[in-house]
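Understanding the architecture of this molecule
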Amino acid sequence: MSIVPITLCGDKILRKKTAKVAEIDDNIIGIISDMFETMRNANGIGLAANQIGLNKQIFVADVSPVEGYEKYKPVAMINPKIISKSEETDSIEEGCLSIPELRAEIIRPKSVFVNYFDVNMKEHTIEADQLFARVIQHEYDHLQGVLFIDYLDDEMKKKYKKHLDKIKKRKLEIDYPISSSTDYMLIK
Ligand code: ZN
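The structure reproduced in this document is the subject of the present report. Everything quoted here is computed from the prediction, not taken from an experiment.

1. Section: the overall build of the chain
Looking only at helices and strands, the chain has three helices and seven strands in total. Along the chain, helices (α) and strands (β) appear in the sequence α-β-β-β-β-β-β-β-α-α when read from the amino end. Relative to its length of 188 residues, the chain is compact, with a C-alpha radius of gyration of 16 Å against a globular reference of 16 Å. Dimensions of the chain, computed from C-alpha atoms along their principal axes, come out at roughly 45 × 40 × 30 Å. A total of 188 residues make up the chain; the buried ones form 51% of that total. Of all intrachain contacts in the chain linking residues separated by at least 6 positions in sequence, the fraction that spans at least 24 positions is 68%. Total accessible area computed for the chain in this model is approximately 9900 Å², and 50% of it derives from carbon and sulfur atoms. Treating the 27 positive side-chain charges of the chain as one cloud and the 30 negative ones as another, the clouds have centres 7 Å apart.

If you want it as structure tokens, here you go:
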């Protein structure tokens, strides 16, 4: 297992729709374990493959460090698909390891049904709600090239522009390894 650098807002791979995983081999299993380690090292609760420079439909999530969610198991979702969303929404503050030091309240559906494959290529469909649903939606968005800041209104986008420019130019002190602005494909 190893900790790998995290891509930052401004890196092109974060805006690209990721490709389906055709086969789960030892390489993919190794990458997933690196993703868990990288996420935990950065105190994150979710991480998508393009956040480590890999153009694949994989994300990991672990909400168990959050108070009230201790019983939730860590999960790796391969080729995930959100198949339905609740009409009911809630507003939760989100952050992102690719957008350090920026947090904002985002409104999203309160619960979702998600279909995915696990590392044993077993298919699952589960209903997720509250924070778990939130992380799934945030990470699923990553795999489509969408970032949570895309949901901000123009006024908020304007407010955060300077901060985002700082991230893009890597002028922020970040206490976990980040990609240099050019090495997008860190792992093949
Ligand atoms: Zn994120």
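Picking up after the structure, the text goes on.
2. A closer look at helix α2 (residues 130–143)
In this model, α2 (14 residues) spans 20 Å end to end at C-alpha, consistent with the 20 Å of a helix rising 1.5 Å per residue. The element α2 is largely enclosed, with a buried count of 13 among its 14 residues. Of the residues flanking the end of α2, it is Gly-145, one or two places downstream, whose phi is positive at about 85°.

3. Details of the sheet that holds strand β2 (residues 58–61)
Strand order in this open sheet of five strands is β1-β2-β3-β6-β7, and the pairing throughout is antiparallel. Every other strand in the sheet has two partners, leaving β1 (46–48) and β7 (123–129) as the edge strands with one partner each. In this sheet, adjacent strand axes meet at a mean angle of 40° when their direction is disregarded. The sheet contact formed by β2 and strand β3 (residues 75–85) spans four bridges and is antiparallel. Residue pairing in the sheet places Phe-59 in a bridge with Met-77 of β3. The sheet strands contacting helix α1 (residues 26–41) are β1, β2 and β3, and the helix crosses β2 at an angle near 40°. Sheet strands touched by α2: β1, β2, β3, β6 (111–117) and β7. Its angle to β3, the strand with the most contacts, is close to 100°.

4. Structural notes on the side chain of Asn-79
Here Asn-79 shows up in strand β3. Take Asn-79: its relative accessible area is 8%, and that puts it in the buried class. A polar contact is formed between the side chain of Asn-79 and the backbone nitrogen of Val-21, at a distance of 2.8 Å. Leaving out residues up to four positions away in the same chain, Asn-79 has contacts with Lys-20, Val-21, Gln-57, Asn-115, Tyr-116 and Phe-117.

5. A look at the coordination of the zinc ion
Taken together, the protein donors to the zinc ion comprise Cys-96 (SG), His-138 (NE2) and His-142 (NE2), at separations of 2.0 to 2.2 Å. As a motif over one chain, the donors of the zinc ion read C-x41-H-x3-H. Of the two residues, Cys-96 is situated in strand β4 (residues 89–96) and His-142 in helix α2; the sequence distance between them amounts to 46 residues. For Cys-96, a relative accessible area of 10% puts it in the buried group.

Each value, and the rule that gives it
Residues numbered from 1 in each chain as written. Predicted model: local features only at pLDDT ≥ 70, side-chain atom pairs only at ≥ 80, totals over all residues. Heavy atoms only, no water. Helix = DSSP H or I, 4+ residues; strand = E, 2+ residues; numbered from the N terminus. Rg over C-alpha atoms; globule rule 2.2 N^0.38 Å. Buried < 20%, exposed > 50% of the residue type's maximum accessible area, 1.4 Å probe, protein only. Contact = heavy atoms within 4.5 Å. Areas by Shrake-Rupley, 256 points an atom, 1.4 Å probe, with all protein chains shown as cover. Lys, Arg positive; Asp, Glu negative; His and termini not counted. Charge placed at Lys NZ, Arg CZ, Asp CG, Glu CD. Expected span 1.5 Å × (residues − 1). Pairing = 2+ DSSP bridges. Axes fitted to C-alpha atoms, helices over the stretch in contact; angles between N-to-C directions. Polar contact = N/O pair within 3.5 Å; in protein donor to acceptor, adjacent residues only side chain to side chain. Donors = N, O, S within 2.8 Å, 3.2 Å for Na, K, Ca; no water.

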